[in-house]
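Summary of the model geometry
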Amino acid sequence: KMVPVLKFLKNMGVKSPGKIFKVCPAIMGCSVESQLRPVYDLMLRIGLTPADVLRIMNHFPHIFVASRESKLEPVLSILESLGLARDQIASCVKSFPNILMLSIDRQIVPVVDFLRTRRINNVGRIVTRLPAILTYDIEKVLKPKFD
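Every chain is numbered independently, its residues counted from 1 as its sequence is written. Only residues with pLDDT of at least 70 get local features here, since the model is predicted, and only at 80 or more are side-chain atom pairs given and counted; chain-wide, interface and lining totals rely on the full set of residues. With hydrogens and water excluded, all non-hydrogen atoms of the structure serve as input to the side-chain values.

For the rest of this paragraph, the subject is the overall build of the protein chain. Starting at the N terminus, helices and strands are each numbered in turn, a helix being any DSSP run of H or I of at least four residues and a strand any DSSP run of E of at least two. In terms of regular secondary structure, the protein chain is built from nine helices and zero strands. In sequence order, the secondary structure elements of the protein chain are arranged as α-α-α-α-α-α-α-α-α. Projected onto its principal axes, the C-alpha coordinates of the protein chain cover approximately 55 × 30 × 25 Å. Relative accessible area decides the class of each residue, using a 1.4 Å probe on protein chains only: under 20% of the type maximum gives buried, over 50% gives exposed, and in between gives partly exposed. Here the protein chain, with 147 residues, has 42% of them falling under the buried criterion. At a minimum sequence separation of 6, the contacts of the protein chain that also span at least 24 residues come to 70%. Accessibility throughout is a Shrake-Rupley quantity obtained with a 1.4 Å probe, and a residue counts as covered only by protein chains that appear here. A total accessible area of about 8000 Å² is found for the protein chain, and carbon and sulfur atoms account for 54% of it. Note on contacts: a residue pair qualifies if any of its non-hydrogen atoms lie within 4.5 Å across the two residues.

See below:
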């Protein structure tokens, strides 16, 4: 099972697959066809370049073991619902890849709701400029800035 994963990583341009296995051992057991390639293709579809996807694999390999259907695509849908265009979503993922791993219920929705209660109409614009805002603690970080 590991040989196809190694080939896939090499074809992507990964120079040190051992580092990826060390950081994210689960990737060794992934199916290339049902997991790794679909996530790779999803990233290309949102507008990332192969070089961008390689950088994400090298630094955030855990994203590739996440469920495309129940994790990655729902986060992308939320970003679209905030009014982000495909190139803006690609920019967010490129600058802050972990945006794909955020909890919709515990992180994204509460921050979006908080910003809207502060009469911020274009939350998508803020997220485009500062994607990490979706990880900010509302009580400790956001409320003091807005109050």
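This next bit is on helix α5 (residues 68–81). The largest bend in α5 is about 25°, located at Pro-74. Here α5 has its buried residues at Leu-72, Val-75, Leu-76 and Leu-79. At its buried positions, α5 is contacted by α3 (32–45), α6 (86–95), α7 (104–117) and α8 (123–129). Counted as a polar contact is a pair of N or O atoms within 3.5 Å, where, for protein atoms, one must be capable of donating a hydrogen and the other of accepting one, and residues adjacent in sequence contribute only when both atoms are in side chains. Looking at where α5 begins, the residue whose side-chain oxygen comes 3.4 Å from the main-chain nitrogen of Glu-69 is Ser-67. The seven residues ending at a residue and the seven starting there each receive a fitted axis; the angle between those axes is the bend at that residue.

All right, on to the packing of aromatic side chains then. Only rings of Phe, Tyr and Trp enter the pairing, Trp through its six-membered ring, and a pair is recorded when the two centres are within 6.5 Å. The plane angle decides the type: under 30 degrees is stacked, over 60 is edge-to-face, the rest tilted. Enumeration over the complete set of coordinates arrives at two aromatic pairs. Between Phe-8 and Tyr-40 the ring centres are 6.0 Å apart and the planes differ by 85°, which places this aromatic pair in the edge-to-face class. Linking Phe-8 in helix α1 (residues 2–12) with Tyr-40 in helix α3, this pair joins segments that are 32 residues apart in sequence. Using a relative accessible area of 15% as the deciding quantity, one classes Tyr-40 as buried. The interplanar angle of 80° and the centroid separation of 5.5 Å between the aromatic rings of Phe-114 and Phe-146 together place this pair among those described as edge-to-face. Pair noted here: Phe-114 is in helix α7 and Phe-146 is in helix α9 (residues 138–146), with a separation of 32 residues, a long-range link. The class of Phe-114 is buried, set by a relative accessible area of 6%.

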